[in-house]
Amino acid sequence: QRRVTWGVNGSATVVEAMWCRAVVLVGLFALVNGQLIRPLVSLNTEEGSKLLLDSVRADYLNLTIHFATQINGAYCTIASSAMVLNAMALPAPVDEDHVPWTYWNQKNVFNDDNRKVNNETVVSMQGQALGDLGRFLAVFPNVTTKVYYASDSSIKEFRQVVVDVLRSRGDYLLVNYLRSSLGQIGSGHVSPIAAFNEREDSMLILDVARYKYPPVWVSVPDLFASVNTGDSSVSKSRGYLVATYATGYVRGIGPPAAMSDAGVVASVVFAIVSLAMIVAAAWWYRASKKSQMTLKFSPLPQEKAVASIDDKV
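The structure displayed is predicted, hence computed values, not measured ones.

J.: Would you explain unusual backbone geometry in this entry?
T.: One can expect most non-glycine residues to show negative phi and most peptide bonds to be in trans. Val99 connects to Pro100 through a cis peptide bond whose omega is 10°. For Pro100, the location among the structural elements is in the loop between helix 4 (76-87) and helix 5 (120-126). The backbone of Ser235 shows a phi angle near 55°, a positive value even though the residue is not glycine. Assignment of secondary structure puts Ser235 in the loop between strand 9 (230-231) and strand 10 (236-237).

J.: Looking at this structure, how should I read the pairing of strand 11 (residues 239-245)?
T.: Along a regular strand, successive side chains alternate from one face of the sheet to the other. Among the seven residues that make up strand 11, six are buried, leaving the element largely enclosed by the rest of the structure. Taken together, the seven bridges between strand 4 (residues 143-149) and strand 11 define a ladder with antiparallel strand orientation. Bridge pairing in strand 11 places Thr145 opposite Ala243. Here strand 5 (residues 171-178) pairs with strand 11 via five bridges, running antiparallel. From the neighbouring strand, Tyr172 faces strand 11, where its bridge partner is Ala243.

J.: Before we go on, may I ask you to explain the environment of Tyr213 in this structure?
T.: Relative to the helices and strands, Tyr213 resides in the loop between strand 7 (202-205) and strand 8 (216-219). Relative accessible area serves as the criterion here: at 2%, Tyr213 is assigned to the buried category. On a C-alpha basis, the gap between Tyr213 and Ser42 in space is 8.8 Å, while along the polypeptide they are 171 residues apart. At 2.8 Å, the side chain of Tyr213 and the backbone nitrogen of Ile185 are in polar contact.

J.: How should I be thinking about the sheet that holds strand 8 in this particular structure?
T.: Note: strands within a sheet are paired through backbone hydrogen bonds, in either parallel or antiparallel orientation. Ordered by their spatial adjacency, seven strands build an open sheet running 3-8-7-6-5-11-4, and the pairing between neighbours is antiparallel. Only two strands of the sheet have a single neighbouring strand rather than two, namely strand 3 (41-42) and strand 4. Across four bridges, strand 6 (residues 188-197) lies against strand 7 in antiparallel orientation. Paired with Ile193 across the strands is Ile205, a residue of strand 7.

J.: Explain the nonpolar core to me, please; I cannot follow it from the model alone.
T.: Across soluble globular proteins, nonpolar side chains have a tendency to be buried as a group. In this structure, Leu85, Met88, Leu137, Phe140, Leu204 and Trp217 are the most contacted members of the largest nonpolar core, which totals 41 residues. Secondary structure elements with two or more residues in this core: helix 2 (46-53), helix 3 (60-65), helix 4, helix 6 (130-137), strand 5, strand 6 and strand 11. Broken down by element, the residue count for this core peaks at seven residues, all from helix 4. Within the second largest apolar cluster, 26 residues are counted, among which are Val56, Ile205, Phe224 and Val227.

J.: Which parts of the structure should I look at to understand helix 6?
T.: Each full turn of the α-helix corresponds to 3.6 residues, which orients residues three or four apart in the same direction. The element helix 6 is largely enclosed, with a buried count of seven among its eight residues. Every buried residue of helix 6 is listed here: Leu130, Gly131, Asp132, Leu133, Gly134, Phe136 and Leu137. Summarising the contacts, the buried residues of helix 6 are in contact with helix 4, strand 4, strand 5, strand 6 and strand 11.

J.: Any chance you could explain helix 8 (residues 220-227) here in plain terms?
T.: The set of residues buried in helix 8 consists of Val220, Leu223, Phe224, Ser226 and Val227. Seen from one end, helix 8 has its buried residues packed into an arc of 160°, which puts them on one side. Against helix 7 (155-167), strand 5, strand 6, strand 7, strand 8 and strand 11 lie the buried residues of helix 8.

J.: What is the right way to read the pattern of salt bridges from this model?
T.: Overall, the coordinates contain eight salt bridges when judged by the stated rule. Of the charged contacts in the structure, one is a salt bridge between Asp54 and Arg199, with a shortest N-O distance of 3.1 Å. Within this pair, whereas Asp54 is found in the loop between helix 2 and helix 3, its partner Arg199 is found in the loop between strand 6 and strand 7, the two being separated by 145 residues in sequence. Taking the relative accessible area as the measure of exposure, Arg199 reaches 54% and is therefore exposed. We note a salt bridge from Arg115 to Glu120, for which the minimum N-O separation is 2.9 Å. If you follow the salt bridges from partner to partner, you end up with Asp54, Arg199 and Glu200 in one network.

About the thresholds
Residues numbered from 1 in each chain as written. Predicted model: local features only at pLDDT ≥ 70, side-chain atom pairs only at ≥ 80, totals over all residues. Heavy atoms only, no water. Helix = DSSP H or I, 4+ residues; strand = E, 2+ residues; numbered from the N terminus. Buried < 20%, exposed > 50% of the residue type's maximum accessible area, 1.4 Å probe, protein only. Pairing = 2+ DSSP bridges. Polar contact = N/O pair within 3.5 Å; in protein donor to acceptor, adjacent residues only side chain to side chain. Core = buried A, V, L, I, M, F, W, Y, C linked by side-chain atoms within 4.5 Å. Contact = heavy atoms within 4.5 Å. Arc of directions from axis to C-beta. Salt bridge = Lys/Arg side-chain N within 4 Å of Asp/Glu carboxyl O.

This is how it looks when you write it as structure tokens:
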């Protein structure tokens, strides 16, 4: 067969060249369209829906209600943190984009304490390692975190920890995995786990890069293999993290949301205005009743005149 130049100082047959070009084109198509290259099961399919119905999913509703999309390519841990804090119903500061309502977002999740771990600039430039994420979340009141590194764990422990979290109340699990190990485009990533299907031995990842991939079901062996990969930024393996909100409330109801300063002022003003309206209404009612009594019992001028004449007669 005729050979053609291919690559740097190399050659290949026409058939080989065409095959390589086809592979490249398929890869580019997958990159542009964000398709799932490996047999990951998207949640918005019939199979994905069936897996959800037959799963352990105590965290699913609380997480999906607050499902967030990371605001930049490095904020997967920040978006996941905001989701978890909202799911916990942890009292939040005012959402500056929706004053005076309180809600955790990817801006106000930073505070003076966790900026000592990683500030906005650092996370935006280089992301956030799993250990830093644990310390970042642990600064919040009543929140505790436990980090598991895959190199020190096992697939059996991983599966059991996920099942325990998804069956309990008040805790959530974030997983740090290597996208390319699952056939996805990208490198290290963090997202919450929302459900576990025991029959298929699969876990549901709520991918916070929603513009890129949908929530997907991943087999436990595949997911643990992607977790048990090296993170060059910290010279450790990737892993998973359990965040717990220890307040003793019944999850799904949660403690009341914290009221902002603006909310307190508005409440006080509302109370004062309401009280003034009540006092004014009471005064008006009393005055109108008194006026009616005066009209009812006071003699008219004509009656007074007649009475005066009668007295003279």
